[in-house]
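Chain by chain, the residues:
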Amino acid sequence: MARKPGFPAQLDLPGAAAKAARAAPASLPASTAIPQGLGLDSAAVRAHMVQKLARNGIRNAAVLHAMATVERHRFVDSALVTQAYEDISLPIGLGQTISKPSIVARMAELLLGAPAAQHGLGRVLEIGTGCGYQAAVLSMMAREVYSMERLRQLHEKARHNLRPLRLANVHLLFGDGMLGYAQGAPYAGILAAAGGQAVPQPWCDQLAVGGRLVAPMAVAGGQQVLLVLDKTAHGLQQTLLEPVHFVPLKSGIA
Ligand code: SAH
């Protein structure tokens, strides 16, 4: 008999992902708890952040809605809560960072621009769960989100952060994302939150035709830029965009 997944579902590798519930994109529970004693009205501060994102070029309504809904302050350490809505990356432990809101929104918008996403995103694979913030954002615009993390402590942290949100369509995986997650493939979108030297072959293989991969990638001169790969019936189409600064993509687990 199928086991009912916990929230968020945590799958063993190799696991029963194919059997994961096909849930509709989640709507998050209304904000209730606002950090006390910090003078932070979280909804208002978030609305301000979203206005700024819109001013700086984010157009997609689903992205702006997700950014206005997911409470970023819940994903950072309490000492950093007052900085949670500034457009900066913040430490989440083990030398890793939560990406700044503008890059989270930018990558989500690029994913939603995939040909296959015309009627909403289907399954998405995220490499680099970190604290789980981007997975929560993606859960509001994709049918299923598979998010992989290679550091067990961060995988657990994300699980802890996401549990109260009860997102039935987020599946956290502990494993090396460079191998992708074949059991959930093909993906309408693959998003990497860590930058490598080349696109691992499994990502190309696991991307659906009509799907899109968005990832930071090293280019000549040691610079890192955002890479968009569209998989068409005729092959892969590559677009290089603006410079970015992501933590390195590493192989293996720790
Ligand atoms: N999206 C995250 C950003 C986390 S930073 C957030 O919202 O917080 C990038 C993460 O990628 C780090 O936690 C790092 O450990 C992880 N990472 C790097 N290489 C990886 C790999 N091969 N597989 C899975 N995770 C990886």
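As the structure is a prediction and not an experimental result, all values here were calculated from the model.

Definitions and limits used
- Residues numbered from 1 in each chain as written.
- Predicted model: local features only at pLDDT ≥ 70, side-chain atom pairs only at ≥ 80, totals over all residues.
- Heavy atoms only, no water.
- Phe/Tyr/Trp six-rings, centres within 6.5 Å; stacked < 30°, edge-to-face > 60°.
- Helix = DSSP H or I, 4+ residues; strand = E, 2+ residues; numbered from the N terminus.
- Buried < 20%, exposed > 50% of the residue type's maximum accessible area, 1.4 Å probe, protein only.
- Lys NZ or Arg CZ within 6 Å of the ring centre and 35° of its normal.
- Salt bridge = Lys/Arg side-chain N within 4 Å of Asp/Glu carboxyl O.
- Near = heavy atom within 4 Å.
- Polar contact = N/O pair within 3.5 Å; in protein donor to acceptor, adjacent residues only side chain to side chain.
- Areas by Shrake-Rupley, 256 points an atom, 1.4 Å probe, with all protein chains shown as cover.
- 1 Å grid on protein atoms, 1.4 Å probe; cavity = no way out; pocket = protein on both sides within 12 Å on 5 of 7 lines; lining within 4 Å.
- Sits in = over half its atoms within 2 Å of the grid points.
- Contact = heavy atoms within 4.5 Å.

**Student:** Would you mind going over the packing of aromatic side chains in detail, with residue names and values included?
**Tutor:** Summed over the entire model, instances satisfying the criterion amount to 3 aromatic pairs. Between Phe-75 and Tyr-133 the ring centres are 5.6 Å apart and the planes differ by 70°, which places this aromatic pair in the edge-to-face class. Of the two residues, Phe-75 sits in the loop between helix H2 (61-69) and strand S2 (90-93) while Tyr-133 sits in helix H4 (residues 133-139), which places them 58 residues apart along the sequence. Judged by centre distance (5.7 Å) and plane angle (35°), the rings of Tyr-146 and Tyr-181 are tilted. Note that Tyr-146 is positioned in strand S5 (residues 142-149) and Tyr-181 in the loop between strand S6 (170-174) and strand S7 (187-192), a separation of 35 residues in sequence. The exposure class of Tyr-181 is buried, given its relative accessible area of 1%. Clustering of aromatic rings is evident, with ring pairs tying together Tyr-146, Tyr-181 and Tyr-187. In this arrangement the basic side chain of Arg-72 is found over the ring face of Tyr-133, its NZ or CZ atom lying 5.8 Å from the centre.

**Student:** Break down the pattern of salt bridges for me, citing the residues and quoting the values.
**Tutor:** Counted according to the given criterion, the structure contains 5 salt bridges. Residue Glu-71 is joined to Arg-46 by a salt bridge in which the shortest nitrogen-to-oxygen separation is 3.9 Å. Here the residue Glu-71 occupies a position in the loop between H2 and S2, and Arg-46 occupies one in helix H1 (residues 42-55), the gap between them amounting to 25 residues. The class for Glu-71 is buried, based on a relative accessible area of 7%. Under the relative-accessibility criterion, Arg-46 is labelled buried at 3%.

**Student:** Before we move on, could you go through the site of the ligand and cite the residues and values that matter?
**Tutor:** The local shell around the ligand holds 27 residues, among which Thr-97, Glu-149, Asp-176, Gly-177 and Lys-250 are the closest. Contact distances for the ligand include 3.1 Å between an oxygen atom and a backbone N or O atom of Gln-134. Protein contacts shield 99% of the accessible area of the ligand, which totals 580 Å² for the unbound molecule. When atoms are counted within 2 Å of each cavity's grid points, the one that captures over half of the ligand is the largest pocket. Considering every element that reaches the shell around the ligand, the biggest residue donor is strand S3 (residues 96-98), with 3 residues.

**Student:** Describe the environment of Met-49, naming the residues involved and giving the relevant values.
**Tutor:** As for its position among the elements, Met-49 is in helix H1. Look at Met-49 and you get buried, because its relative accessible area is 5%. When residues no more than four places from it in sequence are discounted, the contact partners of Met-49 are Met-67, Tyr-85, Pro-101 and Tyr-133.

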